[in-house]
Structure formats: structure tokens, C-alpha cells
2 protein chains.
Amino acid sequence: MRRVDFWYEFASTYSHPAAARIEELADIHGVTISWQPFLLGPILKQLGWSTSPFNLQHAKGRYMWHDVARTCQLMGLPPLKRPVPFPQNSLLAARVALAIPDDSRRAQFSRSVFCAEFAEASNIDDPNVIAGILDRLGIPSADLLERAGGSETKDLLRAQVARAEKLGIFGAPTFVTSDEELFWGNDRLEGAVRWETNNCK
Amino acid sequence: MRRVDFWYEFASTYSHPAAARIEELADIHGVTISWQPFLLGPILKQLGWSTSPFNLQHAKGRYMWHDVARTCQLMGLPPLKRPVPFPQNSLLAARVALAIPDDSRRAQFSRSVFCAEFAEASNIDDPNVIAGILDRLGIPSADLLERAGGSETKDLLRAQVARAEKLGIFGAPTFVTSDEELFWGNDRLEGAVRWETNNCK
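Structural notes, computed from the coordinates. Each chain has its residues counted from 1, following the order in which its sequence is written. Written order decides the labels, with chains lettered from A and ligands numbered from 1. Restriction of local features to residues with pLDDT of at least 70 applies here, the model being predicted, together with a cutoff of 80 or more for giving and counting side-chain atom pairs; totals for whole chains, interfaces and linings are based on all residues. For the side-chain quantities, the full set of heavy atoms in the structure was used; hydrogens and water were omitted.

### A word on the overall build of chain A
Here is step 1 of the chain: Put simply, DSSP marks the helices as runs of H or I at least four residues long and the strands as runs of E at least two long, and each gets a number from the N terminus on. A tally of helices and strands in chain A yields 10 helices and four strands.
Here is step 2 of the chain: In sequence order, chain A lays out its α and β elements as β-α-β-α-α-α-α-α-α-α-α-β-β-α.
Here is step 3 of the chain: For a compact globule the rule gives 2.2 Å times the number of residues to the power 0.38, and the radius of gyration it is set against comes from C-alpha atoms. Its C-alpha atoms give chain A a radius of gyration of 16 Å, near enough to 17 Å, the size a compact globule of 201 residues would have.
Here is step 4 of the chain: With the C-alpha coordinates of chain A rotated into their principal frame, the extents come out at 45 × 40 × 35 Å.
Here is step 5 of the chain: Exposure categories follow from relative accessible area, calculated using a 1.4 Å probe and restricted to protein chains: below 20% of the type maximum is buried, above 50% is exposed, and the middle band is partly exposed. Relative to its full complement of 201 residues, chain A shows a buried share of 53%.
Here is step 6 of the chain: Long-range contacts, defined here as pairs at least 24 residues apart, represent 72% of the contacts in chain A between residues at least 6 apart.
Here is step 7 of the chain: Carbon and sulfur atoms make up 52% of the accessible area of chain A, which amounts to about 9,100 Å² in all. Residue contacts are counted whenever heavy atoms from the two residues lie within 4.5 Å of one another. For every accessible area listed, the method is Shrake-Rupley and the probe measures 1.4 Å; residues are considered covered only by the protein chains on display.

What follows is the structure, given as C-alpha cells:
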């Protein structure tokens, strides 16, 4: 089976357009997407970085905000709104996403979180925002939020971060093919799908 | 006239495949490329970085070398060889490139430098290597090396770096359209050309 693992971080701006377009592209090529939320913070912290590199490098940050806005516009997504603070605390959203076992429901939830964050500038650390998204998707929010806060989900997320590190992931989004080729960045989604497709599985 | 400025740094790995493919893509779309060598070092130094971010971040560096090798292979370029040291000192090559006023000759020289560096692992700081490239291109090397070391060329290069900074450039390659839209990275070359073309000039 053709499969690409989609590693995304809810605080990551470029994960937003990637989440919005990945299923359509995968469908065309008969590739199944496995949605893999993780936290980039613990990985960046090891580099001595206390915040996003986009905050630390001003020219790069200026470019990124302009480029993501331009990307959303060219894709027909709602106009980009910058969440405050940036980066958002993505712990709650990542735990909730992991607590949704079904890939297609997890994908729906994840896209909705990105839209709340980057099209409405909502605070995705707010349990009410997350509950509102779950309710609109018809997922029982009280149950899920409780499960997301349980030790099982916390362990799952820690294991995700460890797995990301072991794969050599250092940024988001990253696409990993079934033979563990890494493709980093929204721009490389086509490359990852092509690589997986050319495996002729 | 449709024009894209191609800002490249001779020490930059991703500038190599960009240099190899930019003219072909530009030709298809009727876009003229202006070759703009510059130095990234002085810009990165302001961030407190003493060397390439690919050396400072191990996972990112590992990914980059694998990705550039894969990119060269998919493009049909010679197999990537890692120059030692990395990054190479690119001052001499940048000065010589600037001392060649003709865009098409400058492009030929620049592509040859990238090939010497990343396909043959030659030291591009070595005047003999640079002279050899010039001789093979039929450019009088003694004259040009003298001009490259003169104060006029040194001033030109300092002005290039200042202009890059003013444009908001923080990495290489960067493509700048005639209305000063920036596109960073080899992956964004198509985006830059499409942007310039859609201007319908």
C-alpha cells in the first residue's frame, strides 16, 4: 500500500496549507495519508532555541508571514490572520488529535484547528475553542478532552516526539514515505507523493 | 520585460541545482534571469552564527546532504560530492563572478564553480581552480583575477550584500521578481517564475 506519514505541528504556519491540500493530492495518486501530530518544541529546545526560529530571525520571520499569506491566497484559503501569541501553545490540540484514533476524523479535526488558529486567530490552547471544534464535527467533546488529558494520551504524545526525533525530523511539516525518505516543508509534498508513487507498490 | 533576479551564494548547496536549472525554466516562460552573486556570511553573522546552520543543527544538516544528493540525482546532475571544509570560503568566486559583467558569461562561470565545488569537491577558494574554470570558458583568467581583487570589485560585492539585506534576503538561493516579491529556496523557483509571468508584462 502506498502510504505517506504526514508529521505536523499545530503551532506551525506551513503545516496549515499542507493539511489543507494533502488529501486531495494523495487521492489523485492513490496514496494513503497517515496523520502524525507531534510537538516540535522539545526538538528545537535542544538547539538552545526558546521560541520559533521565525521570531529569532527577523528577516526570515518577515518573509514567512508574507509567504504564508501569499500561499493561502493562491490556494483559495481564507486570508491569513496571525495568532497572538505566536507560536501558539499546541500541547492541548496535539493531545486531542492523538486521542482521535480514526485518521479521517483526526484529519478533519486538525484542519479545523489550523483554520481556527490561522484564519480566525483563535487561541488553540483554550479548551473552549477545542471543544467548539469537536462539537461542530459531531465528536463528543467532554469525553475526548478527558481522554486527551489522561496518562495514556500523554504517553502517546511523548512517544510521537521520540519517534519524530529518531526519524531525523527537525521541522514541520515533514512527509515520510513508506521507505522512510524524509521531505521537509509544504513545498516538498509533491516530491514525497511522487517518491512514494514511483516505488510502484 | 519579465525579469527575475537570481540571488545566489557560492557556498550554498541548494544554489547549485538552482543555477543548473534556472535558465531552462526561464526560457520556457520568456523570463530573463539576472545573476546576482552575494555573500550570505555577513548576514548570518548578525544572527550570531559562526558557520552554516546546516553545521549547527545536526538533523537539518543530515537531511540537507541527503536531500541535495537526491535532488542532483533526480535532475541528472553528477553525483554530489561534499566539499571540505563546508561551507567553502566563497569570497574569491563571488568577486570573480561580479567582475564578469555579461550575464550569460557570469552564468556559465557560476555553474562551473558550483560543479567544481559540489561534483568534484574542489576548493573554490583556490585561485588555480578559479583560473582553470575561466580558462576553460575562454575568459582571460589573469586579467579577471586582477580585476576581481581590485577595490572596484570589492566595493561592488559590499554593495551586493547591502542590497540583499535591504531586500530582506536571509538565505540562498532567493529569487526576486521585478515587483520585488521574494521566493526563498530552490523549491520556489517555479513559484517566482509563475509570479513574474502572471504579472502579464
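### Regarding the relation of the copies chain B and chain A
Here is step 1 of the chain: The two copies are related by a screw operation: chain B maps onto chain A through 180° of rotation and 0.0 Å of translation along the axis, at an RMSD of 0.0 Å. The transformation relating the two chain copies, once decomposed into turn and shift, fits a two-fold axis. Minimal C-alpha separation from the rotation axis in chain B is found for B:Asp187, amounting to 3.2 Å.
Here is step 2 of the chain: Both copies present the same face, since 100% of the interface residues in chain B are matched by interface residues at the equivalent positions in chain A. Only residues with pLDDT of at least 70 in both copies count here: their C-alpha atoms drive the least-squares fit that superposes the copies.

### A look at the state of the cysteines
All names here are of chain A.
Here is step 1 of the chain: Two cysteine sulfur atoms form a disulfide, by the criterion used here, when they sit within 2.5 Å. Scanning all chains against the criterion turns up zero disulfides over all chains.
Here is step 2 of the chain: In this model Cys 115 remains outside any disulfide bridge; the closest cysteine sulfur is found in Cys 72, 8.7 Å from its own.
Here is step 3 of the chain: Among the residues examined, Cys 115 registers a relative accessible area of 26% and is labelled partly exposed.

### Re the pairing of strand β2 (residues 32–37) of chain A
Here is step 1 of the chain: Most of β2(A) sits inside the fold, with five of its six residues counted as buried.
Here is step 2 of the chain: Tracing the backbone out of strand β1 (residues 3–8) of chain A, into helix α1 (residues 15–29) of chain A and back to the parallel element β2(A) gives a crossover that is right-handed. A crossover gets the label right-handed when its path from the first strand over the helix to the second runs clockwise, viewed with the strands pointing away from the viewer.

### A look at the layout of surface pockets
Here is step 1 of the chain: Cavities and pockets are found on a 1 Å grid laid over the protein atoms alone: a cavity is a set of points where a 1.4 Å probe fits but cannot escape, a pocket is an open set with protein on both sides within 12 Å along at least five of seven lines, and a lining residue has an atom within 4 Å of such a point. Grid points are joined across faces, edges and corners, and a volume is the space filled by probe spheres set on the points. Quantified by volume, the second largest pocket comes out at close to 1,000 Å³.
Here is step 2 of the chain: A:Asp187, A:Glu190, A:Arg194, B:Asp187 and B:Glu190 are, among the 28 residues lining the second largest pocket, the residues nearest its centre.
Here is step 3 of the chain: Under this grouping Gly is polar, as are all residues other than the nonpolar Ala, Val, Leu, Ile, Met, Phe, Trp, Tyr, Cys and Pro and the charged Asp, Glu, Lys and Arg. Its residues assigned to classes, the lining of the second largest pocket comprises eight nonpolar, nine polar and 11 charged.

### Things to note about the nonpolar core
Here is step 1 of the chain: Within the largest apolar cluster, 126 residues are counted, with the highest numbers of intra-cluster contacts made by A:Phe10, A:Phe109, B:Phe10 and B:Phe109.
Here is step 2 of the chain: Excluding residues that lie within four positions of it along the chain, A:Phe109 makes contacts with A:Phe10, A:Ala93, A:Val96, A:Ala97, A:Ile100, A:Ile130, A:Ile133, A:Leu134 and A:Leu137. Put simply, a nonpolar core is a bunch of buried Ala, Val, Leu, Ile, Met, Phe, Trp, Tyr and Cys residues held in one set by side-chain atoms that sit within 4.5 Å of each other.

### Some thoughts on the pattern of salt bridges
Here is step 1 of the chain: The rule for a salt bridge is simple: a side-chain nitrogen of Lys or Arg has to be within 4 Å of a carboxyl oxygen of Asp or Glu. Per the counting criterion, the structure on display carries 14 salt bridges over all chains.
Here is step 2 of the chain: In this structure, B:Asp67 and A:Arg188 form a salt bridge, with 2.8 Å as the shortest nitrogen-oxygen distance. In this pair, B:Asp67 is assigned in helix α4 (residues 58–75) and A:Arg188 in the loop between β4 (182–184) and α10 (189–198), connecting two distinct chains. The burial state of B:Asp67 is the same as that of A:Arg188; both residues are buried.
Here is step 3 of the chain: B:Arg21 is the partner of B:Glu190 in a salt bridge, and the nearest nitrogen-oxygen pair spans 2.6 Å.

### Digging into the side chain of A:Ser12
All names here are of chain A.
Here is step 1 of the chain: Mapped onto the fold, Ser 12 is located in the loop between β1 and α1.
Here is step 2 of the chain: In this structure the side chain of Ser 12 is engaged in a polar contact, spanning 2.7 Å, whose partner is the side chain of Ser 15.
Here is step 3 of the chain: Once residues within four sequence positions are removed from consideration, Ser 12 is found in contact with Phe 114, Phe 118, Ala 172 and Pro 173. Polar contact is defined as a pair of N or O atoms within 3.5 Å, subject to the rule that within protein one atom must be able to donate a hydrogen and the other to accept it, and that residues adjacent in sequence are counted only when both atoms are side-chain atoms.

### Here's the deal with helix α9 (residues 151–167) of chain A
Residues and elements named next belong to chain A.
Here is step 1 of the chain: What a helix should span is 1.5 Å times the count of its residues minus one. An ideal rise of 1.5 Å per residue puts 24 Å on 17 residues; α9 measures up with 24 Å between its terminal C-alpha atoms.
Here is step 2 of the chain: Buried within α9 we find Thr 153, Leu 157, Gln 160, Val 161 and Ala 164. Viewed along the axis of α9, the buried residues span an arc of 90°, placing them on a single side of the element. Among the exposed residues of α9, those pointing more than 90 degrees away from its buried face are Ser 151, Glu 152, Arg 158 and Lys 166.
Here is step 3 of the chain: As for α9, its buried residues are in contact with β1, β2, α2 (41–45), α5 (91–98) and α8 (141–148).
Here is step 4 of the chain: Gly 168 sits one or two residues past α9 and shows a positive phi near 90°. Taking the helix axis as origin, the arc is that swept by the directions to the C-beta atoms.

### Focus on the packing of helix α1 (residues 15–29) of chain B against helix α6 (residues 103–118) of chain B
Residues and elements named next belong to chain B.
Here is step 1 of the chain: Two numbers describe how α1 lies on α6: the axes approach to 9 Å, and their chain directions differ by 140°. The hand of the α1/α6 crossing is left-handed. Residues Ser 15, His 16, Ala 19, Ala 20 and Glu 23 of α1 form the contact with α6, whose own contacting residues are Ala 107, Arg 111, Phe 114, Cys 115 and Phe 118.
Here is step 2 of the chain: Its residues placed into classes, the contact of α1 with α6 shows six nonpolar, two polar and two charged. Every axis corresponds to a line fitted to the C-alpha atoms, with the helix fit spanning only the stretch in contact, and the corresponding angles, defined between N-to-C directions, vary from 0 to 180 degrees. Whether a crossing is left-handed or right-handed is set by the direction in which the near helix is turned from the far one by less than a right angle, anticlockwise for left-handed and clockwise for right-handed.

### Comments concerning the interface of chain B and chain A
Here is step 1 of the chain: With 20 residues of chain B at the contact, the number on the chain A side is 20 residues.
Here is step 2 of the chain: For the pair chain B and chain A, the summed buried area comes to about 2,000 Å², and 58% of that belongs to carbon and sulfur atoms.
Here is step 3 of the chain: We define buried area as the total accessible area lost by two parts upon association, computed with a 1.4 Å probe and summed across both. Sorting the residues of chain B by area buried against chain A places B:Tyr63, B:Phe170 and B:Arg188 first, and these three jointly supply 28% of that buried surface.
Here is step 4 of the chain: Taken together, chain B and chain A are joined by six salt bridges.
Here is step 5 of the chain: On the surface where chain B and chain A come into contact, there are 10 residue pairs in polar contact (both at pLDDT 80 or more).
Here is step 6 of the chain: Contributing elements (two or more residues each) for the side of chain B that touches chain A: α4 and β4 (182–184) of chain B.
Here is step 7 of the chain: In terms of residue count, α4(B) provides more of the side of chain B that touches chain A than any other element does, seven residues in total.

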